[in-house]
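The primary structure of each chain is shown beneath.
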Protein chains: 2
Amino acid sequence: MTEPTRDRTGDEPIPEATVARLPVYLRGLLELADAGVETVSSVGLAELAGVNAANVRKDLSYLHAHGTRGVGYEVGHLVSEISLVLGGGRPSPVVIVGVGNLGRALSRYDGFVAGGFPIAGLVDADPAVVGRKVAGTVVRPVDELASLVAETGATVGIVATPAAAAQEAVGHLVAAGIRSILNFAPSVVAVPAHVDVRQVDLATELQILGYHQHRRTTGDTSRAAG
Amino acid sequence: MTEPTRDRTGDEPIPEATVARLPVYLRGLLELADAGVETVSSVGLAELAGVNAANVRKDLSYLHAHGTRGVGYEVGHLVSEISLVLGGGRPSPVVIVGVGNLGRALSRYDGFVAGGFPIAGLVDADPAVVGRKVAGTVVRPVDELASLVAETGATVGIVATPAAAAQEAVGHLVAAGIRSILNFAPSVVAVPAHVDVRQVDLATELQILGYHQHRRTTGDTSRAAG
DNA sequence: GTATGTGAATAGATTCACAGCT
DNA sequence: AGCTGTGAATCTATTCACATAC
């Protein structure tokens, strides 16, 4: 409260729940910036993100993003701060393992490139798929993964294989030096402690919806969950 | 009748965090059942699901699933109980709005059918796409959504449109009577209180990974997050 | 001996409510 | 007046530890 001590970028731990909301704030802020809006209040940002305003303020207090009392937050400033925290501002090239239906769709998804996650390359274990051109990129064999990562500086791996092949795919990625993995395969995978895995499971999401639906139709006084 | 509080299926509220883990347990249990395993301990199931064993026990205590002390849980029984809680055992047909890259991939994803979520139909706002056959189904125009839902008994909607079209797509789904929606568009959507929306946002997931990666490389004493 | 079931303890996240700045 | 920033209160979730049952 007297001296502005240790102020290194990203040195304080930001709660996971906050980190998960930052991308949503960022999206809303980019829309505002596009529309020429220069300041936004916590209430305004809360509406865009679908959360509570006090939550927004507390979240932003973890960053080095301060607002002006009586006015609000400067949109451009928030965009910079959040972008910095989420990946340091540099693009993170992505390698995709598994070029089935989902892998192909992901490789063509332009939201990745726009969000700073260009596709560095595609690999597949199936020789019938290797060599084919998908979304402008030639699919390479799995044993070239390490060199692909080295060449392109890829930092993120996406697993889009069948469940049975997911653990092996993760092993290849880790061996190639990748430490951030997004796993679309419906399978819990084991990784060393220094590797970060996030699971995106479509069937699981549907089943969670199924629970609430089932409850709504059989139970009585239930409350909708977001 | 004056019968006391008997166990109506799904009458107690199950914590959200537990609901989100049940599909993961179910997957592991189905694997065990396939392998002919008949009982499993909370420790065994915890390993399969990647969580703490006490957590498994507490989660299962919310269901009507009891184990045998000194032995464990009966795999077949758990499968039935969890399946029942997650959607009542009946299949929930799914309509997909938006037949771009992602919509096509989802419509071909066999995990849905296997998990009790058959594709009831596809719709798209683009006349150039309407009428084309995707994954064995003819794409229908958005204004046929209500009749499609009525015909097929679809209970779940998947939004796979661009962000700008997501709110409108959700509006159509709600108007057609759908009350469970899985939104793949990177956009916060507003829905009436009786409608349940879950967001699956690929760019957001990558950005969360980006935060941890950035922290690992710039910060020092950090701990890996699951 | 082994494994469940659960109260108690701990940790984490959200929301409230208001002091303090512009 | 309006809006941020944050301690305190509340709610939710996880983990521990052990009595209880097989």
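Being a predicted model, the structure only gives us computed values, none of them experimental. (Residues numbered from 1 in each chain as written. Chains lettered and ligands numbered in written order. Predicted model: local features only at pLDDT ≥ 70, side-chain atom pairs only at ≥ 80, totals over all residues. Heavy atoms only, no water.)

A. Molecular detail of the nonpolar core. Judged by nonpolar contacts, the single largest core of 42 residues is most densely connected at L106 of chain A together with L106 of chain B. Of all elements in the fold, only β3 (94-97), α5 (101-108), β8 (156-159) and α9 (202-218) of chain A together with β3 (94-97), α5 (101-108), β8 (156-159) and α9 (202-218) of chain B reach the threshold of two or more residues within this core. The residues contacting L106 of chain B, other than those within four sequence positions of it, are L202 of chain A together with I96, F112, I119, I158, A160 and F184 of chain B. (Core = buried A, V, L, I, M, F, W, Y, C linked by side-chain atoms within 4.5 Å. Buried < 20%, exposed > 50% of the residue type's maximum accessible area, 1.4 Å probe, protein only. Helix = DSSP H or I, 4+ residues; strand = E, 2+ residues; numbered from the N terminus. Contact = heavy atoms within 4.5 Å.)

B. Quick look at the relation of the copies chain A and chain B. Taken as rigid bodies, chain A and chain B are interconverted by a rotation of 180° and an axial shift of 0.0 Å, the fit giving an RMSD of 0.0 Å. Taken together, the rotation and translation relating the two chain copies correspond to the operation of a two-fold axis. For chain A, the residue whose C-alpha comes nearest the rotation axis is A105 of chain A, separated from it by 3.0 Å. Mapped onto chain B, 100% of the interface residues of chain A again fall at the interface, so both copies present the same surface. (Least-squares fit on C-alpha atoms with pLDDT ≥ 70 in both.)

C. Representation of the interface of chain A and chain B within the structure. Every contact between the two is made by 67 residues of chain A and, on the other side, 67 residues of chain B. Both sides together, the interface formed by chain A and chain B hides about 6200 Å², and carbon and sulfur atoms give 59% of it. When the buried area of chain A at its contact with chain B is split by residue, L206, L209 and Y211 of chain A rank highest and sum to 11% of it. Remark: the boundary between chain A and chain B carries 4 salt bridges. Linking R27 of chain A and D201 of chain B is a salt bridge whose minimum nitrogen-to-oxygen distance equals 2.2 Å. Linking chain A to chain B there are 18 residue pairs in polar contact (both at pLDDT 80 or more). Broken down by secondary-structure element, the contributors of at least two residues to the side of chain A that touches chain B are α1 (16-34), α2 (42-49), α4 (75-85), α5, β9 (180-183), β10 (196-199) and α9 of chain A. The biggest single contributor to the side of chain A that touches chain B is α9 of chain A, with 17 residues. When the residues that make up the side of chain A that touches chain B are grouped by side-chain class, the tally is 35 nonpolar, 20 polar and 12 charged. (Buried area = accessible area lost by both parts, 1.4 Å probe. Salt bridge = Lys/Arg side-chain N within 4 Å of Asp/Glu carboxyl O. Polar contact = N/O pair within 3.5 Å; in protein donor to acceptor, adjacent residues only side chain to side chain. Nonpolar A, V, L, I, M, F, W, Y, C, P; charged D, E, K, R; others polar.)

D. Molecular detail of the protein's contact with DNA strand C. In the vicinity of DNA strand C lie 23 residues, with R21 of chain A together with S42, R57, G67 and Y73 of chain B positioned nearest. Across the atoms of DNA strand C situated within 4 Å of the protein, the share located in sugar and phosphate is 62%. Between DNA strand C and R57 of chain A, the relevant distance is 3.4 Å, taken from a base nitrogen to a side-chain nitrogen or oxygen of the residue. Within the side chain of K58 of chain B, one N or O atom sits 3.3 Å away from a base oxygen of DNA strand C. Contributing elements (two or more residues each) for the surface near DNA strand C: α1 and α3 (53-62) of chain A together with α3 (53-62) of chain B. When grouped by side-chain class, the residues that make up the surface near DNA strand C number 5 nonpolar, 10 polar and 8 charged. (Near = heavy atom within 4 Å.)

E. Region of interest: the protein's contact with DNA strand D. With respect to spatial proximity, 24 residues lie near DNA strand D, and among them S42, R57 and Y73 of chain A together with R21 and R69 of chain B are the closest. Across the atoms of DNA strand D situated within 4 Å of the protein, the share located in sugar and phosphate is 62%. Contact between DNA strand D and Y73 of chain A: a phosphate oxygen at 2.7 Å from a side-chain N or O atom of the residue. Looking at the surface near DNA strand D, the elements with two or more residues in it are α3 of chain A together with α1 (16-34) and α3 of chain B. In terms of residues, the surface near DNA strand D owes the most to one element, α3 of chain B, which gives 4 residues. Residues belonging to the surface near DNA strand D are distributed by class as follows: 5 nonpolar, 11 polar and 8 charged.

F. Structural context of the side chain of D59 of chain A. Residues and elements named next belong to chain A. Here D59 shows up in helix α3. For D59, a relative accessible area of 1% puts it in the buried group. Residue contacts for D59: discarding those within four places in its chain leaves T18, R21 and Y25.

G. Focus on the sheet that holds strand β9 (residues 180-183) of chain B. All names here are of chain B. Read from one edge of the open sheet, 6 strands run β7-β4-β3-β8-β9-β10, paired in parallel fashion. Two strands in the sheet have a free side with no partner beyond their single neighbour: β7 (140-141) and β10 (196-199). In this structure, β8 lies alongside β9, joined through 4 bridges in parallel fashion. Each residue of the ladder has a partner; that of V156, found in β9, is S180. Those strands touched by helix α8 (residues 163-175) are β3, β8 and β9, and its axis lies near 165° from that of β8. (Pairing = 2+ DSSP bridges. Axes fitted to C-alpha atoms, helices over the stretch in contact; angles between N-to-C directions.)

H. Structural context of the sheet that holds β3 of chain A. Residues and elements named next belong to chain A. In space, the 6 strands of this open sheet follow the order β7-β4-β3-β8-β9-β10, with parallel pairing throughout. A strand with exactly one partner marks an edge of an open sheet, and here the two such strands are β7 (140-141) and β10. Sheet contacts for helix α7 (residues 145-152): β3, β4 (119-124) and β7; angle to β4, the most-contacted strand, approximately 175°. Along the sheet, helix α8 (residues 163-175) contacts β3, β8 and β9; its crossing angle with β8, the most-contacted strand, is approximately 165°.

Everything listed is a geometric property; what it means functionally is a separate question.
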